[in-house]
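The lines below spell out each chain.
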Amino acid sequence: MNDWHGVRVDAGGGHVTELGLGNNALTGPIPPELGSLDSLESLYLYDNALTGPIPPELGNLDRLRDLRLNYNALTGPIPLSQCAPAAAYLTQAVQSREHPVPLVAREDALLRAFVTAANPGGHTMPRVVARLYRDGDEVYEADIPAGSNPLPDSIDESILKASANAVIPGRVVRPGLELVVEVDPDGTLHDSVGVTRRIPADGRLAIEVLEAPRFDLTLIPFLYEPDPDSSIIGRVGEMAADEDDHDLLQQTAYLLGVEEMDVTDHSPVEVSSRSASRVLSETEAIRALEGGTGHWMGMMPWFSDVGGVAYLPGWTSASRPYSAVIVHELGHNFSLPHAPCGGAPGPDPDFPDPRGRIGAWGYALDTVVRSPSGRYFRKGELVRPSVPDLMSYCYNPEWISDYFFAKAHRYRVDTEGGGSGGRAPGPSGALAAPVGRRRLDRDAAPGARIRRRRSSRAPRGRRRPCDRGPDRRRERGCRRVRIRASGPSGVGGTTGWDHADGAGRCGRGGDAGPRPRCAHGDPPGPANRRGAGDTQGRAGTGRRPCRNGGAAQPGDTRSGGLAAMTDRQRAPALSSTSLMVAIPGAT
């Protein structure tokens with residue numbers, strides 16, 4: 001049956017374990033007979049035209065771990081009430097007990113085992129032994145010694161000492177991982193204490209791990225021709241030379257789940273405008289002309305219109321050399337819309353927290369990550385659920401939510417994991433935006449002239465590219481290349497003002513520097529507990545559907561927690577760190 005379209009079976013060939021029928025133009029209701037596939041682990045029915053209620057028979061799928069029903073017109077709750085919040089998990093940047101986040105393969109993870117007792121009676125944390133299995137074989141054992149901290153009577157994620165913790169090395173974190181935690185194996189606590197002896201109570205806890213594709217990033221330094229600032233060339237070169245530890249790339253590597261990064265510095269490009277949209281269109285054109293693969297980002301010290309801009313989703317972006325803007329724009333490339341905080345346009349309608357907070361506990365595991373406000377999340381520090389999501393316009397500081405981490409991770413696995421390398425001629429996403437702002441410069445129209453220095457990838461033996469001396473005169477004997485290329489078709493439309501510039505005021509973009517708190521988002525508060533009326537299914541955005549919820553009405557875009565998006569919501573959009581930019585005609 002493995003030869004059947006979208007069907008995978010177990011090693012014995014007798015039981016279906018995966019049914020992948022996404023984007024197959026399916027219509028009508030979901031057959032209730034799917035509930036009889038008792039070995040089914042993955043069910044993908046996304047991006048079809050399915051209608052009607054979600055059949056309650058799906059609640060019989062005890063082994064189901066991955067359900068994706070987004071981009072349909074389904075209604076009602078997800079009937080998977082047998083799941084309970086995990087009492088142990090592995091976390092990297094962020095993790096949720098109720099909606100497990102897939103781990104990035106080959107990256108270290110922190111194990112947190114929440115040991116509780118019905119009658120703690122002043123007892124302290126006992127010894128804990130965690131065993132990890134892969135494909136049925138034990139691959140690692142973590143022996144956590146007894147501690148002096150009081151034994152809690154309930155799970156408390158806000159204190160690291162309230163759990164038994166161990167760092168699991170990346171070599172262990174691979175697909176097919178399972179976990180068993182034994183509490184007090186020496187029997188030092190009497191049964192009357194009521195301690196949880198085993199997690200889970202029986203069987204093994206499945207840990208979802210996905211292989212993240214290598215992240216290829218080409219950085220192009222752009223020089224504003226009337227007044228070039230060559231410092232951007234040095235910054236780009238530094239990023240390429242120190243791709244694993246550079247401050248400007250730390251957030252991208254850790255918060256977007258990038259396991260392996262390969263950064264290339266492109267030769268400089270002259271441009272006659274400081275517009276981020278112009279830089280984006282020329283980055284797109286150069287990528288296409290050079291047959292580029294992977295992600296490309298154009299960089300300038302500052303832009304005249306916005307702090308950064310990117311296709312959503314796509315392969316190209318433009319950003320100032322500022323870590324928060326870089327990770328924000330790459331997040332758009334990874335399919336993430338805005339989070340609803342600080343007036344960010346076009347927020348994700350399925351974002352769990354209406355205030356744009358991450359809603360789950362984050363953790364800085366093995367790196368120091370710079371926050372947009374200049375604050376550092378240091379190694380071993382927990383990140384509170386009330387912190388704003390990095391895709392919002394709220395700052396001071398920010399992290400990534402479990403919802404967006406899983407969504408970006410799954411998107412990259414689905415789109416880049418097949419080895420296509422991101423080869424995509426022409427525009428990589430459609431553009432949409434509010435109207436009513438000033439028009440872009442005419443320089444960004446199709447056919448605009450790009451003055452480009454020869455790429456560092458060009459064959460050797462030719463004359464060196466031009467450069468300017470201290471007197472801003474070009475060197476003699478150098479080769480100057482002029483090419484004609486168009487960016488996204490129909491360049492024009494509107495742009496907005498950057499709401500937080502480096503000059504410390506709310507207005508147009510300025511020099512690089514800390515952003516002021518110009519967005520009027522709600523202040524951090526208690527974590528949103530996600531009301532019982534929301535199923536939070538969101539299969540296809542990375543959330544594990546494990547909770548019951550209220551029924552959705554027909555036509556409701558949330559569809560009981562599922563992503564039943566309208567055509568308007570499904571259309572990719574160009575996003576920026578301020579208002580979006582419209583370029584009509586791009587597809």
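Parameters at a glance
Residues numbered from 1 in each chain as written. Predicted model: local features only at pLDDT ≥ 70, side-chain atom pairs only at ≥ 80, totals over all residues. Heavy atoms only, no water. Helix = DSSP H or I, 4+ residues; strand = E, 2+ residues; numbered from the N terminus. Buried < 20%, exposed > 50% of the residue type's maximum accessible area, 1.4 Å probe, protein only. Areas by Shrake-Rupley, 256 points an atom, 1.4 Å probe, with all protein chains shown as cover. Disulfide = S-S within 2.5 Å. Phe/Tyr/Trp six-rings, centres within 6.5 Å; stacked < 30°, edge-to-face > 60°. Pairing = 2+ DSSP bridges. Axes fitted to C-alpha atoms, helices over the stretch in contact; angles between N-to-C directions. Expected span 1.5 Å × (residues − 1). Lys, Arg positive; Asp, Glu negative; His and termini not counted. Salt bridge = Lys/Arg side-chain N within 4 Å of Asp/Glu carboxyl O. Polar contact = N/O pair within 3.5 Å; in protein donor to acceptor, adjacent residues only side chain to side chain. Core = buried A, V, L, I, M, F, W, Y, C linked by side-chain atoms within 4.5 Å. Left-handed = near helix turned anticlockwise from the far one by under 90°. Contact = heavy atoms within 4.5 Å. Nonpolar A, V, L, I, M, F, W, Y, C, P; charged D, E, K, R; others polar.

Novice: Explain the overall build of the protein to me, please; I cannot follow it from the model alone.
Specialist: Along its length, the protein carries 6 helices and 31 strands. A total of 587 residues make up the protein; the buried ones form 55% of that total. Per element, the accessible surface of the protein, about 24300 Å² overall, is 48% carbon and sulfur.

Novice: Looking at this model, I keep getting lost on the state of the cysteines. Mind explaining?
Specialist: Working definition of a disulfide: a covalent bond connecting the sulfur atoms of two cysteines. Per the counting criterion, the structure on display carries 1 disulfide. At a sulfur-sulfur separation of 1.9 Å, the disulfide partner of cysteine 341 is cysteine 394. Negative torsions about the S-S bond denote left-handed disulfides, and the value of about -90 degrees found for cysteine 341 with cysteine 394 makes this one left-handed. Of this pair, cysteine 341 sits in the loop between α4 (323–333) and β25 (361–364) while cysteine 394 sits in the loop between β28 (381–383) and α5 (402–416), placing them 53 residues apart in sequence.

Novice: Which parts of the structure should I look at to understand the packing of aromatic side chains?
Specialist: To describe a pair of aromatic rings, you give the distance between the ring centres and the angle between the ring planes. Under the defined criterion, the tally for this structure stands at 7 aromatic pairs. With a centroid separation of 5.6 Å and an interplanar angle of 90 degrees, the aromatic rings of phenylalanine 215 and phenylalanine 334 are classed as edge-to-face. On the criterion of sequence distance, the pair formed by phenylalanine 215 in strand β19 (residues 215–224) and phenylalanine 334 in the loop between α4 and β25 is long-range, its members being 119 residues apart. Each member of the pair, phenylalanine 215 together with phenylalanine 334, is buried. Taken together, the ring pairs connect Phe351, Tyr403 and Phe404 into an aromatic cluster.

Novice: Just to check I follow, could you spell out the pairing of β19 for this structure?
Specialist: Consecutive side chains along a regular strand alternate between the two faces of the sheet. The element β19 is extensively covered by neighbouring structure, given that 10 of its 10 residues are classed as buried. Note: β19 against strand β22 (residues 295–299), 5 bridges, orientation parallel. Residue pairing across strands places proline 221 opposite methionine 299, the latter belonging to β22. In terms of strand pairing, β19 meets strand β21 (residues 269–271) through 3 bridges, oriented parallel. Paired with tyrosine 224 across the two strands is valine 271, which belongs to β21.

Novice: Is there a simple way to think about the sheet that holds strand β8 (residues 88–91) in this case?
Specialist: Each strand in a sheet pairs with its neighbour through backbone hydrogen bonds, running either in the same direction (parallel) or in the opposite one (antiparallel). Spatial strand order, β8-β11-β14: 3 strands in an open sheet with antiparallel pairing. Since the sheet does not close on itself, it has two edges, and those belong to β8 and β14 (164–168), each with one partner. Strand-to-strand, the axes of this sheet are offset by a mean angle of 20 degrees, without reference to chain direction. Pairing geometry for β8 and strand β11 (residues 109–113), over 4 bridges, is antiparallel. Of the residues in β11, the one forming a bridge with tyrosine 89 is arginine 112.

Novice: How should I be thinking about α5 in this particular structure?
Specialist: Think of an α-helix as turning once every 3.6 residues; residues three or four places apart then point the same way. Compared with the 21 Å implied by 1.5 Å per residue over 15 residues, the 21 Å span of α5 between its first and last C-alpha is a close match. Summarising burial for α5: 11 of the 15 residues are buried, a large majority.

Novice: What should I look at first to understand the pairing of β22 in this one?
Specialist: Judged by how many residues are buried, β22 sits mostly within the fold: 5 of 5 residues are covered. Every second residue of β22 is oriented toward a common face, with His295, Met297 and Met299 on one face and Trp296 and Gly298 on the other, all of them buried. Pairing of β22 with strand β24 (residues 316–319) involves 4 bridges; the strand directions are parallel. Of the residues in β24, the one forming a bridge with methionine 299 is serine 319.

Novice: In this structure, what is going on with the sheet that holds strand β6 (residues 66–68)? I would like to understand it.
Specialist: Read from one edge to the other, the open sheet built from 4 strands follows the order β1-β2-β4-β6, with strand pairing classed as mixed. Single-partner strands in this sheet number two, and they are β1 (7–9) and β6. Across the sheet, the mean angle from the axis of one strand to that of its neighbour is 15 degrees, orientation sign disregarded. As paired strands, β1 and strand β2 (residues 16–20) are joined by 3 bridges and run antiparallel to one another.

Novice: So what exactly am I meant to see when it comes to the environment of glycine 417 here?
Specialist: Along the chain, the position of glycine 417 falls in the loop between α5 and β29 (449–452). Residues glycine 417 and arginine 214, 203 residues apart in the sequence, show an inter-C-alpha distance of 8.5 Å.

Novice: How should I be thinking about the side chain of arginine 112 in this particular structure?
Specialist: With respect to the secondary-structure elements, arginine 112 resides in strand β11. Notably, arginine 112 is buried but unbridged: the nearest opposite-charge side chain belongs to glutamate 157, and the N-O separation is 5.2 Å. Within polar-contact distance, the side chain of arginine 112 engages the backbone oxygen of glutamate 157 at 2.9 Å. From its side chain, arginine 112 meets the backbone oxygen of isoleucine 159 in a polar contact 2.9 Å long.

Novice: I'm lost on the pattern of salt bridges in this one. Help?
Specialist: For side chains bearing opposite charge, pairing can occur when the charged atoms are close. Going through the model one piece at a time under the given rule, you end up with 20 salt bridges. With a shortest N-O distance of 2.9 Å, aspartate 184 and arginine 197 are connected by a salt bridge. Taken as a pair, aspartate 184 in the loop between β15 (177–183) and β16 (198–199) and arginine 197 in the loop between β15 and β16 lie far apart in primary sequence, 13 residues in all. By relative accessible area, aspartate 184 is classed as buried at 4%. Residue arginine 197 is classed as partly exposed on the basis of its relative accessible area of 29%. Taken together, the shared-partner salt bridges in this structure form one network comprising Arg131, Glu138, Glu141 and Glu182.

Novice: Help me understand α4, please; the structure alone is not making it clear to me.
Specialist: Summarising burial for α4: 11 of the 11 residues are buried, a large majority. For α4, the complete set of buried residues consists of Ser323, Ala324, Val325, Ile326, Val327, His328, Glu329, Leu330, Gly331, His332 and Asn333. Downstream of α4 by one or two residues, serine 335 has phi in the positive range, about 85 degrees.

Novice: Sorry, what's going on with the nonpolar core here?
Specialist: Note on soluble globular proteins: their nonpolar side chains tend to be buried together. Within the largest apolar cluster, 50 residues are counted, with the highest numbers of intra-cluster contacts made by Leu217, Leu219, Leu256, Met299, Trp399, Ile400 and Phe404. Listed in part, the 32 residues of the second largest apolar core include Ala105, Val115, Val172 and Leu205.

Novice: I tried to follow the packing of helix α2 (residues 247–255) against α4 on my own but got confused; where do I start?
Specialist: The packing of two helices is summarised by the inter-axis angle and the distance between the axes. For the pair α2 and α4, the least separation of the axes is 8 Å and the interaxial angle reads 35 degrees. Every pair of crossing elements has a handedness; the one defined by α2 and α4 is right-handed. Facing α2, whose interface residues are Asp247, Leu248, Gln251 and Thr252, α4 presents Ser323, Ala324, Ile326, Val327 and Leu330. A breakdown of the residues in the contact of α2 with α4 according to their chemical character gives 5 nonpolar, 3 polar and 1 charged.

Nothing here speaks to function; it is all geometry.
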